[in-house]
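Tertiary structure, described
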Amino acid sequence: MTKINLCILGCGSVAKLHSRVARTLRSSINLMFASRSISKAEEYRRRFKGTASFGSYEEACESPEVDAVFICTPHAFHLEQASLAARGGKPMLIEKPVTRTLEELSAVERAVSDAGVLAMVAENYDFKPAVRVLRHHLERGDIGDPMFLELNRVGRSKVKGWRADPELMGGGALLEGGVHWVRYLMRIGGKPESVVAAQANGTRKKIAPHEDALEVLVKFANGSVGKLLHSWASVNRIGGLGMSKIYGTEGNIFFESNGLFAIVLGRRKRLRFPGVLDIMGYRAMLKHFVDCVRNNQEPTMSLQVARGDMEFVTAAYRSLATGRFETLRPH
């Protein structure tokens, strides 16, 4: 089986994470690295046993040696680099959030469509083992019809560098990190119709631009109601763990928010451990992208799916200004 020459654009902390994961797929992937600094790209090539390094993103996207690119730069630059990749005819995997705004996302969509290249968003939460397990029990009717879903992510984050820059961020915690949990919520709860968001203000100083903690109430198309609590500003004394719940007409599911375990108490009683080897879904996500490139197939985590996540965040931000439920626009 021919390996895919995958070039990672950007040599920061996110690139380190994905490079470690890619090394577990070395039978399928040859790693390459590109940076605005050739020395940085070469450092990563040596560190992760890559096969090539490039001193600019343009060079990587134009190289016939590169089969696909993985955009791992801050999302303020995703439009620019996705456009480079599209012009170079390169299939691309784009870190989340895909862009700062829906308008930037539209520009990415146009570039990809005009070039006829494959594009996938690196939303690993779409591939978490916990999603598969929770969906299994819901679809089997183990707790009857779902009524209420509570998803909680609380912890204190260090916000520095470009994440402290309002222009580069383009939003707050819900956009930059919370979009993961938005996808998680929608994978479990279904299609959202409207949302309303609220934040705790008081006298404290926010640690991130725009907002650093939100609680969002969601009305789903299936009639159920969801709640997402996402905070970068709250203390979590149990090491980042959290508890979330699903209430149904015939039972409940209690699960550790990150996906360590799930307790099903309904028509069937089960204690489930979805899987810790790829608990965050990174490996399954990268493998799916490689398979899509190799087989020229549409990825499950497409730009269209990412648009739904971005619309959720945008509607939540609109509701902060209006103080009422905001309907998600069709996409």
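The structure this text deals with has already been given above.
Residues numbered from 1 in each chain as written. Predicted model: local features only at pLDDT ≥ 70, side-chain atom pairs only at ≥ 80, totals over all residues. Heavy atoms only, no water.

Quick look at helix 11 (residues 303–322)
Given a rise of 1.5 Å per residue, 20 residues ought to cover 28 Å, and the 28 Å separating the end C-alpha atoms of helix 11 matches this to within 8%. Residue glycine 323 follows helix 11 closely and has a positive phi angle near 75°. (Helix = DSSP H or I, 4+ residues; strand = E, 2+ residues; numbered from the N terminus. Expected span 1.5 Å × (residues − 1).)

Regarding the packing of helix 5 (residues 102–115) against helix 11
In helix packing, the relevant descriptors are the interaxial angle and the interaxial distance, both defined with respect to the helix axes. Direction vectors running N to C along helix 5 and helix 11 enclose 170°, while the axes themselves pass 10 Å from each other. In this view, helix 5 runs roughly antiparallel relative to helix 11, as classed from their interaxial angle. Contact residues: helix 5 offers Leu102, Leu105, Ser106, Val108, Glu109 and Val112, while helix 11 offers Leu303, Ala306, Arg307, Met310, Glu311 and Thr314. Class assignment for the residues of the contact of helix 5 with helix 11 results in 7 nonpolar, 2 polar and 3 charged. (Axes fitted to C-alpha atoms, helices over the stretch in contact; angles between N-to-C directions. Parallel < 35°, antiparallel > 145°, perpendicular 65-115°, else oblique. Contact = heavy atoms within 4.5 Å. Nonpolar A, V, L, I, M, F, W, Y, C, P; charged D, E, K, R; others polar.)

Thoughts on the side chain of glutamate 211
Positionally, glutamate 211 belongs in the loop between strand 8 (192–198) and strand 9 (213–220). The buried charged residue glutamate 211 lacks any salt bridge, with arginine 204 as its nearest oppositely charged partner at 7.5 Å. Apart from residues no more than four positions distant in its own chain, glutamate 211 is found in contact with Gly172, Ala173, Leu174, Leu175, Gln199, Lys206 and Tyr317. (Buried < 20%, exposed > 50% of the residue type's maximum accessible area, 1.4 Å probe, protein only. Lys, Arg positive; Asp, Glu negative; His and termini not counted. Salt bridge = Lys/Arg side-chain N within 4 Å of Asp/Glu carboxyl O.)

Things to note about the pattern of salt bridges
Taken as a whole and assessed by the stated rule, the structure comprises 19 salt bridges. The salt bridge partner of aspartate 126 is arginine 183, with a shortest N-O separation of 3.1 Å. With a gap of 57 residues between them, aspartate 126 in the loop between strand 6 (119–122) and helix 6 (129–139) and arginine 183 in helix 9 (residues 178–189) connect regions that are remote in the sequence. Here aspartate 126 matches arginine 183 in class, with each residue buried.

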